[in-house]
Amino acid sequence: MGQLWTVTDINPLYTGFLFALIGSLLIEKLRQIYDRFQELAAPIILSAGVGLSAVIMSASGSGYTEWYEYLFGSIVSVRMEDLWFIIATAGLVIILLAVFFKEFVSVSFDQEFAKVSGIPLKRINFLFSLLIALVISMSMKVVGILLVGALIALPVAASLHVAKSFKKLLLFSVLFGEAAVLAGVYFSYQFNIATGGMIVVLSAFLLLAVLAGKRLKSMRKRERFA
């Protein structure tokens, strides 16, 4: 868009947030349409998004390097303007999560109970979609569009095996995610490799380490009672 309309300079983080919000809202709408097959919603939007991105990439005159930075992340391409955007969106995510924590928990575990309890499902689902869009847009430059989903899912998958409550699940997810990001940035700088890819690989290693630790602990318990 910035190349087609040379009059104005458009930051991809802003348009990325807009498209992420539209995509998350469409996913929520498709989940209602395919109420018995809700897992179809994400692949439908993902397929449409990949096709649309291919069309836009081919229509623009950008080089491979610029697209690579947004697809797979590049910490060195983050500007001060991008950093302020990341800080602002992160603050907004934390505020929304703190204010509507109980509502998010209720809707996540049992929507029927939440509805009976008087929680406005449409409003909470919209706020949840907003949170997803904010997280995706703030992570674009560092992790990359194609890998941000893995960064969101892998730390949570690891935390599920060690957390005993929902609050601890959030805490461990943040800790695992931060550990993967910091270590990924360090190793990507040392070995001159893709930042986003290194972060996701380390997140996967963390998950495997947690699974191995849990397996080892289970084996020791069996030996103790044998």
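My aim in this report is to walk through the structure given alongside it, one point at a time. (Residues numbered from 1 in each chain as written. Predicted model: local features only at pLDDT ≥ 70, side-chain atom pairs only at ≥ 80, totals over all residues. Heavy atoms only, no water.)

## Structural notes on the overall build of the protein chain
As a reminder of what qualifies: Counting from the N terminus, the helices are the DSSP runs of H or I reaching at least four residues and the strands are the DSSP runs of E reaching at least two. Here the term buried applies to any residue with accessible area under 20% of the maximum for its type, exposed to any over 50%, and partly exposed to those in between, with areas from a 1.4 Å probe on protein chains only. Contacts: residue pairs with any heavy atoms within 4.5 Å of one another. Charged residues are defined narrowly, with Lys and Arg counted positive, Asp and Glu counted negative, and His plus the chain ends left uncounted. Charged side chains are reduced to one point each, which is NZ for Lys, CZ for Arg, CG for Asp and CD for Glu.
Each helix and strand counted, the protein chain has ten helices and zero strands in total. When the helices and strands of the protein chain are listed from N to C terminus, the series reads α-α-α-α-α-α-α-α-α-α. C-alpha atoms of the protein chain, sized along the principal axes, occupy 70 × 50 × 30 Å. When each of the 226 residues of the protein chain is scored for burial, the buried share is 31%. Put simply, 62% of the contacts in the protein chain that link residues at least 6 apart link residues at least 24 apart. Side-chain charges of the protein chain comprise 19 positive and 13 negative groups, with the mean position of each set lying 14 Å from the other.

## Here we look at a positive patch on the surface
For clarity, the cut-off: A patch consists of residues whose relative accessible area exceeds 30% and which take part in no salt bridge; residues with like charges are grouped when within 9 Å of each other, and nonpolar side chains (Val, Leu, Ile, Met, Phe, Trp, Tyr) when within 5 Å. Here the accessible surface of atoms and residues is derived via Shrake-Rupley with a 1.4 Å probe, and residues count as covered only by protein chains that are part of the display. Note on definitions: salt bridges are taken to be side-chain nitrogens of Lys or Arg within 4 Å of carboxyl oxygens of Asp or Glu.
On the surface, a cluster of positive charge is made up of K164, K168, K214, K217, R220, K221 and R224. Mapped onto the fold, K214 is located in helix α10 (residues 195-225).

## Focus: the environment of L30
Within the secondary structure, L30 sits in helix α1 (residues 12-33). Sequence separation between L30 and L134 is 104 residues, and the spatial gap between their C-alpha atoms is 20 Å.

## Concerning the environment of V156
Mapped onto the secondary structure, V156 falls in helix α8 (residues 148-159). Put simply, V156 and L170 are 14 residues apart on the chain and 7.8 Å apart in space, counted from C-alpha to C-alpha. In this structure V156 touches L169 and S173, once residues within four positions along its chain are discounted.

## Structural notes on α1
For an α-helix, 3.6 residues make a turn, and residues three or four places apart therefore share a direction. Going by this rule: In a helix, the anticipated span is given by 1.5 Å times the number of residues less one.
For α1, with 22 residues, the first-to-last C-alpha span of 31 Å sits near the 32 Å given by 1.5 Å per residue. Within the sequence span of α1, burial applies to L13, G16, A20, L21, G23, S24, E28 and L30. Of the surrounding elements, those touching the buried residues of α1 are α2 (41-59), α4 (80-99) and α7 (121-139).

## Section: the packing of α8 against α10
What counts is decided by this rule: Each axis is a line fitted through C-alpha atoms, taken for helices only over the stretch in contact, and angles between the N-to-C directions span 0 to 180 degrees. An angle counts as roughly parallel when it lies under 35 degrees, as roughly antiparallel when it exceeds 145, as roughly perpendicular when it falls between 65 and 115, and as oblique in every other case. Definitions for this section: a left-handed crossing has its near helix turned counterclockwise from the far helix by less than a right angle. A right-handed crossing has that turn clockwise. Each residue is assigned to one class: nonpolar for Ala, Val, Leu, Ile, Met, Phe, Trp, Tyr, Cys and Pro, charged for Asp, Glu, Lys and Arg, and polar for all the others, Gly among them.
Following both chains from N to C, one finds α8 and α10 inclined at 15 degrees, their axes separated by 9 Å at the closest point. In terms of their interaxial angle, α8 and α10 are classed as roughly parallel. Crossing hand, α8 versus α10: left-handed. Contacts from A150, L151, L154, A157 and A158 of α8 reach α10 at I199, V200, S203, A204, L207 and V210. Within the contact of α8 with α10, the residues separate by chemical class into ten nonpolar, one polar and no charged.

Everything listed here is a matter of coordinates, which is why it stays silent on function.
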